[in-house]
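Now for the letters of each chain:
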Amino acid sequence: MKQLFLICSLTFSIVSFSQSTCDYNFKADSCSIQSPSKKELVDLMEVKIKNNYLVQFIKQDKKNYLKIIVRNDLGFGKKSSLLLLSNKKQIYIKTIELQTIDKSSAYFLVSLNGTNYLENIKELGLSSIVFNETAEFSIPKSDSEQIKKAANCFFNQVSENIKLPTK
């Protein structure tokens, strides 16, 4: 009886270590990628944050994106710079368009392929979004932690597709 108990406990402990501890999973969905009027089939992980904003990690074939859906008018339809702040690092995009979805929402779409962006987000999260050097949206620490977790799960699923820049 003791041997049976020992074998069962070893089996359960091995199985529990091999399971993924990821809180976020891909869900198949359709969403706008390059054009707000055209929906495409994708796999995505989504985090809802303050003010009903959404942070989505999107996988479409071998392409990977970060999509941030905003509800406040930070400059819908404008092209300008975007600064994503993590506690110690910054992701700066010189020119990006805030694509309008409807009267009350729009999105930024950032390619994750060939960059260190995903790695920075999974380690540090996001603390603030600054568009056009004037419109700023602060992300609470608890939401930043959720973004980190989702980025880590996403990274574990797509890391083979993301080719980091060579130095």
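(A) Just the state of the cysteines, in detail. In the structure shown here, the tally under the stated rule is one disulfide. Put simply, C22 and C153 are joined by a disulfide, and their sulfur atoms are 1.6 Å apart. Residue C22 is found in the loop between α1 (2-18) and β1 (27-32), and its partner C153 is found in helix α3 (residues 141-158); the two are separated by 131 residues along the sequence. For C153, a relative accessible area of 5% gives the class buried.

(B) The pairing of strand β3 (residues 53-60), seen in detail. Here β3 lies mainly inside the structure; seven of its eight residues are buried. Alignment of strand β2 (residues 39-49) against β3, held across seven bridges, turns out to be antiparallel. Note on β3: the bridge partner recorded for I49 is Y53. Between the antiparallel neighbours β2 and β3 lie three residues, among them N51 with a positive phi of about 60°. Where β3 and strand β4 (residues 63-70) come together, seven bridges link them in antiparallel fashion. Considered in β4, the bridge of Q56 is made with K67.

(C) Structural detail: helix α2 (residues 117-124). Among all positions in α2, only L118, N120, I121 and L124 are buried. Looking straight down α2, one finds its buried side chains confined to an arc of 160°; they lie on one side. Where α2 is buried, its residues contact β3, β4, β6 (90-97) and α3. After α2 finishes, the residue G125 shows a positive phi value of roughly 75°.

(D) Geometry of α3. Between its terminal C-alpha atoms α3 stretches 25 Å, which fits the 26 Å expected from 18 residues at 1.5 Å a residue. All buried positions along α3 are accounted for by D143, S144, I147, A150, A151, C153, F154, F155 and V158. Buried residues belonging to α3 abut β2, β3, β4 and α2.

(E) Here's a closer look at the sheet that holds β2. Strand order in the open sheet formed by six strands is β1-β2-β3-β4-β8-β7, with antiparallel pairing between adjacent strands. The sheet is open, and its two edges are formed by β1 and β7 (99-102), each paired on a single side. In this sheet, neighbouring strand axes are inclined to one another by 40° on average, regardless of whether the strands run parallel or antiparallel. With six bridges connecting them, β4 and strand β8 (residues 105-111) associate as antiparallel partners.

(F) Quick look at the nonpolar core. In terms of nonpolar packing, the biggest core is built from 37 residues, with F57, L66, V70, L82, F108 and I147 touching the most fellow members. For this core, the element with the highest residue contribution is α3, accounting for seven residues.

(G) Expanded view of unusual backbone geometry. Of note in the backbone geometry, N52 takes a positive phi value of approximately 65° without being a glycine. Mapped onto the elements of the fold, N52 is located in the loop between β2 and β3. In this structure N52 comes out as partly exposed when scored by relative accessible area, which is 38%. In this structure, D61 takes a positive phi of about 55° despite not being glycine. The class for D61 is exposed, based on a relative accessible area of 68%.

Criteria and thresholds
- Residues numbered from 1 in each chain as written.
- Predicted model: local features only at pLDDT ≥ 70, side-chain atom pairs only at ≥ 80, totals over all residues.
- Heavy atoms only, no water.
- Disulfide = S-S within 2.5 Å.
- Helix = DSSP H or I, 4+ residues; strand = E, 2+ residues; numbered from the N terminus.
- Buried < 20%, exposed > 50% of the residue type's maximum accessible area, 1.4 Å probe, protein only.
- Pairing = 2+ DSSP bridges.
- Arc of directions from axis to C-beta.
- Contact = heavy atoms within 4.5 Å.
- Expected span 1.5 Å × (residues − 1).
- Axes fitted to C-alpha atoms, helices over the stretch in contact; angles between N-to-C directions.
- Core = buried A, V, L, I, M, F, W, Y, C linked by side-chain atoms within 4.5 Å.

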